[in-house]
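In case you want the letters, here they are:
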Amino acid sequence: MRRKKTLSELLADVKIAINKIDFWVSRIDSRVKNLERLSLSNVGRFPYLSREYIKEADINKNIISRLIQLKIILEILEIRLETVLILGEVRGYLAPVVEAVKVLKKEIGSSIEFSPIIDEILDSLIPIETTETPFIQNITEEANKILSESESIAKQEINKKYKVPEASI
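Definitions and limits used
- Residues numbered from 1 in each chain as written.
- Predicted model: local features only at pLDDT ≥ 70, side-chain atom pairs only at ≥ 80, totals over all residues.
- Heavy atoms only, no water.
- Helix = DSSP H or I, 4+ residues; strand = E, 2+ residues; numbered from the N terminus.
- Buried < 20%, exposed > 50% of the residue type's maximum accessible area, 1.4 Å probe, protein only.
- Areas by Shrake-Rupley, 256 points an atom, 1.4 Å probe, with all protein chains shown as cover.
- Expected span 1.5 Å × (residues − 1).
- Polar contact = N/O pair within 3.5 Å; in protein donor to acceptor, adjacent residues only side chain to side chain.
- Salt bridge = Lys/Arg side-chain N within 4 Å of Asp/Glu carboxyl O.
- Core = buried A, V, L, I, M, F, W, Y, C linked by side-chain atoms within 4.5 Å.
- Axes fitted to C-alpha atoms, helices over the stretch in contact; angles between N-to-C directions.
- Parallel < 35°, antiparallel > 145°, perpendicular 65-115°, else oblique.
- Left-handed = near helix turned anticlockwise from the far one by under 90°.
- Nonpolar A, V, L, I, M, F, W, Y, C, P; charged D, E, K, R; others polar.

A. Spatial organisation of the overall build of the protein. A tally of helices and strands in the protein yields 5 helices and 0 strands. Counting all 169 residues of the protein, 38% fall into the buried class. Counting every atom, the protein has about 9,800 Å² of accessible surface; 55% of that belongs to carbon and sulfur.

B. Main features of helix H3 (residues 95-108). Taking 1.5 Å per residue, 14 residues should reach 20 Å; H3 reaches 20 Å between its end C-alpha atoms and fits that length. Within H3, the full set of buried residues consists of Ala 95, Pro 96, Val 97, Val 98, Ala 100, Val 101 and Leu 104. Positive phi appears at Gly 109, one or two residues downstream of H3, with a value of about 90°.

C. Spotlight on the environment of Asp 22. The residue Asp 22 is located in helix H1 (residues 7-42) in this model. For the pair Asp 22 and Ile 68, spaced 46 residues apart in sequence, the C-alpha to C-alpha distance is 8.1 Å. Side chain to side chain, Asp 22 and Lys 71 meet in a polar contact 2.8 Å long.

D. The arrangement of the pattern of salt bridges in detail. Evaluated as defined, the whole model comprises 12 salt bridges. Here Asp 29 ties to Lys 33 by a salt bridge, and the two come within 3.3 Å at their closest N and O atoms. Taken together, the positions of Asp 29 and Lys 33, both in helix H1 and 4 residues apart, correspond to about one turn of that helix. One salt bridge in this structure joins Asp 119 and Lys 105, with 3.2 Å as the shortest N-O distance. Taken as a pair, Asp 119 in helix H4 (residues 115-132) and Lys 105 in helix H3 lie far apart in primary sequence, 14 residues in all. Judged by relative accessible area, which is 29%, Asp 119 ranks as partly exposed. Look at Lys 105 and you get partly exposed, because its relative accessible area is 22%. In this structure, a network of salt bridges that share partners links the residues Asp 22, Lys 71, Glu 75 and Glu 157.

E. Inspection of the nonpolar core at higher detail. In this structure, Ile 73, Leu 74, Leu 77, Leu 81, Ile 121 and Leu 125 are the most contacted members of the largest nonpolar core, which totals 39 residues. At the level of secondary structure, the elements contributing two or more residues to this core comprise H1, helix H2 (47-87), H3, H4 and helix H5 (139-162).

F. Representation of the packing of H1 against H2 within the structure. It is the contact of H1 with H2, at a shortest axis distance of 8 Å, that shows an interaxial angle of 165°. Taken together, the axes of H1 and H2 are roughly antiparallel relative to one another. Relative to H2, the crossing made by H1 is left-handed. Its residues assigned to classes, the contact of H1 with H2 comprises 28 nonpolar, 5 polar and 11 charged.

Structure below.
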């Protein structure tokens, strides 16, 4: 049986996940640039291949968008966990963020690299959130608010930092 993680350990896991997402985004971004370069170099000789490179680049841009959105939600979770550690109060505070992570995880789908990390965080959070959270009706509403806000922040960050304005979240 696995030992239940403390809030401090969970906070460390969230920070590690955020750093890993930064690494993945960087790696995917360099792949997008490489695909775009390959598309431009093959546009005259192999137009079909060039279009396939662009399609692959667009798919990768969408993955970058979702990963940045997940990173933002994990940063919100990090702030809330730090608040819980300082104040010692959990009731209802983590539930909307947990719900937002679950929704985004479903949208992203399975990945060998980041699914296990997100699953581990969720597995550690769900017992804390369900045992100490009374029934709150607006959890889904607040989770949707977190998702929409993280989506708009992700779009802004993508446009500034990653120069990927064509990506659609």
